[in-house]
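# Coordinates in review
Residue strings, one per chain:
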Amino acid sequence: MKIDLMNTTSGKINAALMEARRASGSTAAGMVLTLVIVTDEGSAYDALKAANDASREHPSRTLAVIKRAGRSPRARAETRLDAEVLVGSDAGSGETVVLRMHGELAAHAQSVVLPLLLPDAPVVVWWPDNAPRHPAQDPLGALAQRRITDAVTAESPVGQLAQRAESYTPGDTDLAWTRITGWRSMLAAALDQRPSTITAAVVEGESYNPSVELLGLWLHTRLHVPVERVVTNGPGITAVHLRTKDGDITLDRPDGLMGTLSMPGSPDRQVALKRRETSELIAEELRRLDPDDIYAAAVRTPVDRLKEPDNAEQAVASAVAAEAAEEAATHEAAPEGGQVANPTRVTAEAAPATTKKAAGKRTTKKADA
């Protein structure tokens, strides 16, 4: 069921929700939390779809806040609230209200959202993109027990980690951290099966991917060993090597689907490490509403703690030259439309900008780890 309300108020929206619930035959709310999504028109569809999918595991009232301040002085002076109320199959397993705030009202979104929160239920605020510098100090963020951001959508994803560390408040988390849950679980399980003294670690992954940096920082804080950062063409994280005196414990995932776990003295094993959809990431974050101390320790560790190979610049230059020669040879020999099957791996986080640009591609806006 869908109800459109133009130039409305929070009271009328609450009344519409009650009416829709009665019409659907359910007088009880039966929802466990309120999820507030702060987004724009361009990202609203994908964010709502992810929230609706996640609501099948966590029935919730979803409030999508879309601020439309207006471009002209007249539009900015106007104050109007339009709403879409969705109940039933259109809203997953909960209720959805899309709030479009026009003019000056956009600067006071909390005054509209507060009356619509479920009583005595936790509040989670999610910024799919354009997160504030200090989520906990944001008027909407101050209403929540958990605040979810996504560093991968920032102009400088890796640089965004420093901002997240500076503004960290218990209850903050980032989807760049959620994306490495599978990697952390697999590596921890491998060390449980084969207790070893780790002397160093290597994390390989595409450039500009904050999940790669967070995984390296997590290994550094938990194992207290030097961690080397190696840039590859992805997708996402491609491999982790844990150095031991008996050999490397390696978790390799070159295709973004299946990983291979290799340990000294044991046969290689295939493990599931598929890159997950946003709805799965949100569902995972909604499973726990307490502060994530492990994330706090990792994100507060400076990224410059990750080492580059001593010969990184020379290796990058050689890799780029070899890749260029390979592409030229392939272009001459391959039929029309042919592509290079295996991109060359490079080690270039600290290399010159021109070399880095050739060696690593920026991750796409919604890329997983």
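All figures in this text were calculated on a predicted structure; none of them were measured in a lab.

Further remarks concern the nonpolar core. One recurring pattern in soluble globular proteins: nonpolar side chains tend to sit buried together. Formed by 35 residues in total, the largest nonpolar core has its most connected members in Leu187, Leu215, Leu219, Val240 and Leu242. In terms of residues, this core owes the most to one element, helix 8 (residues 210-223), which gives six residues. Apart from residues lying up to four places away in sequence, Leu215 is in contact with Ile180, Trp183, Arg184, Leu187, Val203, Ile237 and Val240. Listed in part, the 28 residues of the second largest apolar core include Leu17, Ala83, Val112 and Val125.

This part covers the packing of aromatic side chains. The full count for this structure, using the stated rule, is two aromatic pairs. When the ring of Trp177 is compared with that of Tyr295, the centres are 5.7 Å apart and the planes differ by 55°; the resulting orientation is tilted. Of this pair, Trp177 sits in helix 6 (residues 175-178) while Tyr295 sits in helix 10 (residues 293-299), and the two are 118 residues apart along the sequence. Of the residues examined, Trp177 reaches a relative accessible area of 2% and is grouped as buried. Judged by its relative accessible area of 2%, Tyr295 is buried. Members of the aromatic cluster, connected to one another through ring pairs, are Tyr168, Trp177 and Tyr295. A cation sits over an aromatic face here: Arg184 above Trp218, 5.9 Å from the ring centre.

The full count for this structure, using the stated rule, is 16 salt bridges. Between Arg287 and Glu57 there is a salt bridge, and its shortest N-O distance comes to 2.6 Å. On the criterion of sequence distance, the pair formed by Arg287 in the loop between helix 9 (278-285) and helix 10 and Glu57 in the loop between helix 2 (41-54) and strand 3 (60-68) is long-range, its members being 230 residues apart. Here Arg287 falls in the exposed class, since its relative accessible area comes to 52%. On the basis of relative accessibility, which here comes to 41%, the residue Glu57 falls in the partly exposed class.

Attention now moves to the environment of Asp138. Examined against the element boundaries, Asp138 turns out to sit in the loop between strand 6 (123-126) and strand 7 (146-149). Once the C-alpha coordinates of Asp138 and Gln110 are considered, the two residues, 28 residues apart in sequence, prove to be 9.5 Å apart. Those residues in contact with Asp138 that sit more than four places away from it in its chain are Trp127 and Pro132. Separated by 2.9 Å, the side chain of Asp138 and the backbone nitrogen of Leu140 make a polar contact.

Summed over the entire model, instances satisfying the criterion amount to one cavity of 30 Å³ or more. Its boundaries defined by the atoms lining it, the largest cavity holds a volume of some 50 Å³. The wall of the largest cavity is formed by Pro135, Arg147, Thr149, Arg164, Tyr168, Asp172, Thr173 and Tyr295. At the level of elements, strand 7 and strand 8 (172-174) are the ones that each hand at least two residues to the lining of the largest cavity. Among the residues forming the lining of the largest cavity, the class breakdown is three nonpolar, two polar and three charged.

Our next topic: the sheet that holds strand 1 (residues 2-5). With mixed pairing, the eight strands of this open sheet are ordered in space as 1-4-5-3-2-6-7-8. Bordering the open sheet on either side are strand 1 and strand 8, each of which pairs with just one other strand. In this sheet, neighbouring strand axes are inclined to one another by 15° on average, regardless of whether the strands run parallel or antiparallel. Each of strand 6, strand 7 and strand 8 touches helix 9; the most contacted strand, strand 7, lies at about 155° to it.

Cut-offs applied
Residues numbered from 1 in each chain as written. Predicted model: local features only at pLDDT ≥ 70, side-chain atom pairs only at ≥ 80, totals over all residues. Heavy atoms only, no water. Core = buried A, V, L, I, M, F, W, Y, C linked by side-chain atoms within 4.5 Å. Buried < 20%, exposed > 50% of the residue type's maximum accessible area, 1.4 Å probe, protein only. Helix = DSSP H or I, 4+ residues; strand = E, 2+ residues; numbered from the N terminus. Contact = heavy atoms within 4.5 Å. Phe/Tyr/Trp six-rings, centres within 6.5 Å; stacked < 30°, edge-to-face > 60°. Lys NZ or Arg CZ within 6 Å of the ring centre and 35° of its normal. Salt bridge = Lys/Arg side-chain N within 4 Å of Asp/Glu carboxyl O. Polar contact = N/O pair within 3.5 Å; in protein donor to acceptor, adjacent residues only side chain to side chain. 1 Å grid on protein atoms, 1.4 Å probe; cavity = no way out; pocket = protein on both sides within 12 Å on 5 of 7 lines; lining within 4 Å. Points joined across faces, edges and corners; volume = space filled by probe spheres on them. Nonpolar A, V, L, I, M, F, W, Y, C, P; charged D, E, K, R; others polar. Pairing = 2+ DSSP bridges. Axes fitted to C-alpha atoms, helices over the stretch in contact; angles between N-to-C directions.

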